[in-house]
Amino acid sequence: MAKRQPEPSAVAPLHAAGHAQRLLRRLEWQVIRKLDGVLQGDYRTLLRGAGIDLADLREYEPHDDVRRIDWNVTARTATPHVRVFTEDREMAAWFVLDLSPSTGFGSGRRTKREVCTEFVGVLARLLTRHGNRVGALIHDGVDGEGSGIDARVPARSGRPHVLHLLHTVLHRPAARGRSATRLAALLRGAGASIARRSTVFVVSDFLSDPGWDRPLGMLARRHDVVAVRLYDPLELDLPDLGLVTLRDAETGEHMLVDTHDRGFRRRFAAAAAAREAALREGLARAGVDTLELCTDDDLGETLLRFADLRRHRVRPGQTAQLAAA
């Protein structure tokens, strides 16, 4: 009698779970262990808490929350001062993830989407080990909700939850490009979904329809927001590759171009520079810190620079750039 084979539906979840397990184990060994040795347990540099116990007073800095101004001290010293509170040890962190088709691009061994997944895995594991909860709101253009959110992972703690989060990100289907990403809708949906003050990581390549800076700024009024910008070197500088076919990942449009043409490469570089300038202006208007992740970056080194930024408490609005040196 032939041995009965398991149903495919019973095997697939185990295979999928194994994928997330292998990825997290690799990140724990290659990245998190390295960060542990340098951060020396100072995980709170990754989150800005919102406690209620008064810890100190300091002089007002641009873009400080005016609601924290201590008017009595300000009147006595004739210099604006703000109240600094002891940070909560347990906070929620949310990943607002743009997994639209353009994040599937990568000119090297990793795509922007893979870098996004690794970033989520490392940060989620670091934070949940100390009791913090992490959740995710995901846009990939597959389900097409009006809110811009196609998948939700509630905020919880623990390693099994991190595996569930990674599994969800890894196995979201890749949408076919139909139109430009509407990042503004995702950010508005995040603002409506995240009720309690949290640290919010908006992870995107920001290749989107314009108008995302205003909802990003509105999100930053309530939450501690970090914009994590994904990019690939080939998006900034196109080398001489001869005749190549370029495809717009967002719309699916194809175009044959001659990269040997110096004039074309100059126009490409000028357009990329204009896009970079507009992106930085938008982030500055939103008043958020910015972490830049390139597909050829060392993730551990980039996160150490991020922790240093948080340790020195660079104020939102200065749009601190953490691109690789």
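We now turn to the structure provided with this report. Just so we're clear, the structure is a prediction, and the values are computed from it rather than from any experiment. (Residues numbered from 1 in each chain as written. Predicted model: local features only at pLDDT ≥ 70, side-chain atom pairs only at ≥ 80, totals over all residues. Heavy atoms only, no water.)

Of regular secondary structure, the protein chain possesses eight helices and ten strands. Sorting the 325 residues of the protein chain into buried and exposed places 47% on the buried side. Here the analysis covers contacts within the protein chain between residues at least 6 apart in sequence; of these, 75% occur between residues at least 24 apart. Accessible surface, the protein chain as shown: approximately 16700 Å² in total, 53% of it carbon and sulfur. (Helix = DSSP H or I, 4+ residues; strand = E, 2+ residues; numbered from the N terminus. Buried < 20%, exposed > 50% of the residue type's maximum accessible area, 1.4 Å probe, protein only. Contact = heavy atoms within 4.5 Å. Areas by Shrake-Rupley, 256 points an atom, 1.4 Å probe, with all protein chains shown as cover.)

On to the side chain of threonine 74, then. By secondary structure assignment, the location of threonine 74 is in helix α2 (residues 71–77). On the basis of relative accessibility, which here comes to 14%, the residue threonine 74 falls in the buried class. Within the structure, threonine 74 has its side chain in polar contact with the backbone nitrogen of histidine 81 (distance 3.1 Å). (Polar contact = N/O pair within 3.5 Å; in protein donor to acceptor, adjacent residues only side chain to side chain.)

The N-to-C vectors of helix α3 (residues 112–128) and helix α4 (residues 159–170) enclose an angle of 165°; their axes lie 10 Å apart at closest approach. By the criterion of interaxial angle, the relationship of α3 to α4 is roughly antiparallel. Every pair of crossing elements has a handedness; the one defined by α3 and α4 is right-handed. Facing Arg113, Thr117, Val120, Gly121, Ala124, Arg125 and Thr128 of α3, the residues of α4 in contact are Arg159, Val162, Leu165, Leu166, Val169 and Leu170. Taken together, the residues of the contact of α3 with α4 sort by class into seven nonpolar, three polar and three charged. (Axes fitted to C-alpha atoms, helices over the stretch in contact; angles between N-to-C directions. Parallel < 35°, antiparallel > 145°, perpendicular 65-115°, else oblique. Left-handed = near helix turned anticlockwise from the far one by under 90°. Nonpolar A, V, L, I, M, F, W, Y, C, P; charged D, E, K, R; others polar.)

Moving on, we get to the pattern of salt bridges. For the coordinates displayed, the defined rule picks out 14 salt bridges. Across the pair arginine 26 and glutamate 118 runs a salt bridge whose closest N-O atoms are separated by 3.1 Å. Of this pair, arginine 26 sits in helix α1 (residues 8–39) while glutamate 118 is found in helix α3, placing the two residues 92 residues apart along the sequence. Look at arginine 26 and you get partly exposed, because its relative accessible area is 33%. The residue aspartate 205 makes a salt bridge to lysine 112 at a minimum N-O spacing of 3.0 Å. Taken together, the positions of aspartate 205 in the loop between β6 (199–204) and α6 (213–222) and lysine 112 in helix α3 put the pair 93 residues apart, joining distant regions of the chain. Residue aspartate 205 shares its accessibility class with lysine 112, and that shared class is buried. When salt bridges that share partners are traced, they join Arg229, Glu276, Arg280 and Glu292 into one network. (Salt bridge = Lys/Arg side-chain N within 4 Å of Asp/Glu carboxyl O.)

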